[in-house]
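Structural overview for review
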Amino acid sequence: MFVPLYYALLGNQKEATMRPKPIGMTVEEDVLFSIRKKYSYIRQRMMDAYGEEEGSEFFDSVTQDPTTHLEDRRALIKDLATAVQQHRTRALKPNGQYFPNDIVKNSLVHIYDALNGPEWSHQVPGWILRERFQPVKLWHGVTMENNILVAIKLVHNNMKGDVGHIFHKLGALESCASCQLKELNLASNDLNGSFDTPSIALLKSLVVLCLNFNKIEGKLPGAYLSECVNLAVLNLQGNNLVGQIPPELGQLTKLRILHLYSNKLEGPLPEELGNLTLLQELRLWDNQLTGPIPPSIANLKDLKVLHLGQNKLTGAVPGDIGELTSLEYLYLNDNLFSGKIPVAALVSLQHIRAISLSQNDFEEVDEAEAALKAVLINTEIIMANAGMLYMGTEFPEAEKGAVSSSSPWASFNFGTLLATDRGEAAGDLAAAASSLQAEESQ
């Protein structure tokens, strides 16, 4: 059945019905022979469907490699046969809507090849050559809805290489009907390079972006990230990001989680952060941020966690912090804050569960501590010089998926993690976690 269909596809109905199959050739080889015979015609159709570069590259891989891309050839044959039966072969549109699985599969294979694919921790089902005959929706870490790529979750997968390659491929996919990516979670890998690329701006459907605990460098691409207007979760902690926090992040008004801690960010907190009125967690600790807390922070009425510890922030803690009516955890430890502690503002926080103000230059600390503890009897208050790494009741919900079950990060309660030696422990939370786990197992 395939052979007549393909000769019809090639525009030669007579040949489809009369031409005998060459001796010694399989049906598939005969089809490929016929495709090559009309090389320029089919190549153009593929370029129309996939885009000039991708179409040409994919056509060459499908028609010229007899072994490596066997599964891709079979998938192409199946989809083209369907297209012929539906009389669509001469109406291929530039967005490639008639070849959604092949476009996605080809791009994912490129990502696999470029990012240390053969050494990935999880390659099946789907990613390795012998598995690629399976539908993309069955591939490990890939979520498809109605033949549309909506999520890639390859956490703790030993991926290595330039993260920019991923955004280049996904940005190209987003421009066609095959991709409406809502979640990209590549946390806890070994990705490097910069993701300051225009391709990010094409991912307008993105809701969750997690690249935490990698080795990504460079500046935050504020101008491009601001185009991802649906972002609700942005986790970039544990990388080597430098420069200032871009004010353009204030345009992401749907943002609920913003984690940029444990990087090398510097400069002031942008006033525009006050535009993120839906924000629930703002974790910027362990950077080199300077200057005061901007007054606009009082706009964040839904904020539950404000963690600015281990920076170089200065000035007085604003009394407006008392307007954060949903606040549960406030960490301002290990900075250069001065002046009096705004006791009246802090005791007005009805939901507060933990406050850390240690290692600053506050005045009248003892008096403030006594006043706070007298009122906030159910709140843990840290005022001494026992610098705190992290406090909370449990591992942050937004980060649970970023840690493998075998990681020491996944097995203990961060609420008990205090460091008596800040200088030794502050730069390596994972080592501190491993140490704590070992002690508990004894």
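Provided above is the structure to which this section pertains.
Report follows, based on the coordinates. (Residues numbered from 1 in each chain as written. Predicted model: local features only at pLDDT ≥ 70, side-chain atom pairs only at ≥ 80, totals over all residues. Heavy atoms only, no water.)

**Some words on the overall build of the protein chain**
Looking only at helices and strands, one finds 13 helices and 20 strands in the protein chain. Here the protein chain, with 442 residues, has 54% of them falling under the buried criterion. Within the protein chain, residue pairs in contact and separated by at least 24 positions form 63% of the contacts whose partners lie at least 6 positions apart. Carbon and sulfur atoms make up 50% of the accessible area of the protein chain, which totals about 19,100 Å². (Helix = DSSP H or I, 4+ residues; strand = E, 2+ residues; numbered from the N terminus. Buried < 20%, exposed > 50% of the residue type's maximum accessible area, 1.4 Å probe, protein only. Contact = heavy atoms within 4.5 Å. Areas by Shrake-Rupley, 256 points an atom, 1.4 Å probe, with all protein chains shown as cover.)

**A look at the side chain of Ser262**
Mapping Ser262 onto the fold places it in the loop between β10 (257-259) and β11 (264-267). Side chain to side chain, Ser262 and Asp286 meet in a polar contact 3.1 Å long. In this structure, Ser262 is in contact with Gly238, Asn239, Trp285, Asp286 and Asn287, ignoring residues within four places of it in sequence. (Polar contact = N/O pair within 3.5 Å; in protein donor to acceptor, adjacent residues only side chain to side chain.)

**As for the sheet that holds strand β12 (residues 281-283)**
A sheet is described by the order of its strands in space; here 11 strands give the open sequence β1-β2-β4-β6-β8-β10-β12-β14-β16-β18-β20, paired in mixed fashion. Strands with a single pairing partner mark the edges of an open sheet, and in this sheet they are β1 (142-145) and β20 (380-382). For this sheet the average axis-to-axis angle between neighbouring strands, irrespective of direction, equals 10°. Examined bridge by bridge, strand β8 (residues 233-235) and β10 share 3 bridges and lie parallel to one another. (Pairing = 2+ DSSP bridges. Axes fitted to C-alpha atoms, helices over the stretch in contact; angles between N-to-C directions.)

**With respect to the sheet that holds strand β9 (residues 240-244)**
Taken together, the 7 strands give an open sheet; going across it, the order is β7-β9-β11-β13-β15-β17-β19, and neighbouring strands pair in parallel fashion. One side of each edge strand has no neighbouring strand; the edge strands of this open sheet are β7 (217-219) and β19 (361-363). Across the sheet, the axes of successive neighbouring strands diverge by a mean angle of 15°, strand direction being ignored. Across 2 bridges, strand β13 (residues 288-291) lies against strand β15 (residues 312-315) in parallel orientation. Along β15, the bridge assignment pairs Gly291 with Leu313.

**Considering the packing of aromatic side chains**
This structure, assessed with the given rule, holds 8 aromatic pairs. With a centroid separation of 4.7 Å and 15° between ring planes, the pair formed by Tyr261 and Trp285 is classed as stacked. Pair noted here: Tyr261 is in the loop between β10 and β11 and Trp285 is in the loop between β12 and β13, with a separation of 24 residues, a long-range link. This pair shows no difference in class: Tyr261 is buried, exactly as Trp285 is. One aromatic cluster is present, formed by Tyr112, Trp120, Trp127 and Trp139 through successive ring pairs. (Phe/Tyr/Trp six-rings, centres within 6.5 Å; stacked < 30°, edge-to-face > 60°.)

**Re helix α8 (residues 163-174)**
The end-to-end C-alpha distance of α8 is 17 Å, a good match for the 16 Å that 12 residues give at a rise of 1.5 Å each. Of all 12 residues that make up α8, 9 are buried, and the element is covered over most of its length. Its side-chain oxygen 2.8 Å from the backbone nitrogen of Gly164, Asp162 forms the N-cap of α8. (Expected span 1.5 Å × (residues − 1).)

**Notes on the pattern of salt bridges**
Considering all chains together, one arrives at 7 salt bridges under this definition. Note that Arg283 is salt-bridged to Glu281, the shortest N-O span being 3.0 Å. Accessibility classification places Arg283 together with Glu281 in one group, the buried group. Note that Glu328 is salt-bridged to Arg353, the shortest N-O span being 3.9 Å. Here Glu328, found in the loop between β15 and β16 (329-331), pairs with Arg353, found in the loop between α10 (343-347) and β18 (354-356); they are 25 residues apart in sequence, far enough to count as distant. Residue Arg353 is classed as partly exposed on the basis of its relative accessible area, which comes to 41%. (Salt bridge = Lys/Arg side-chain N within 4 Å of Asp/Glu carboxyl O.)

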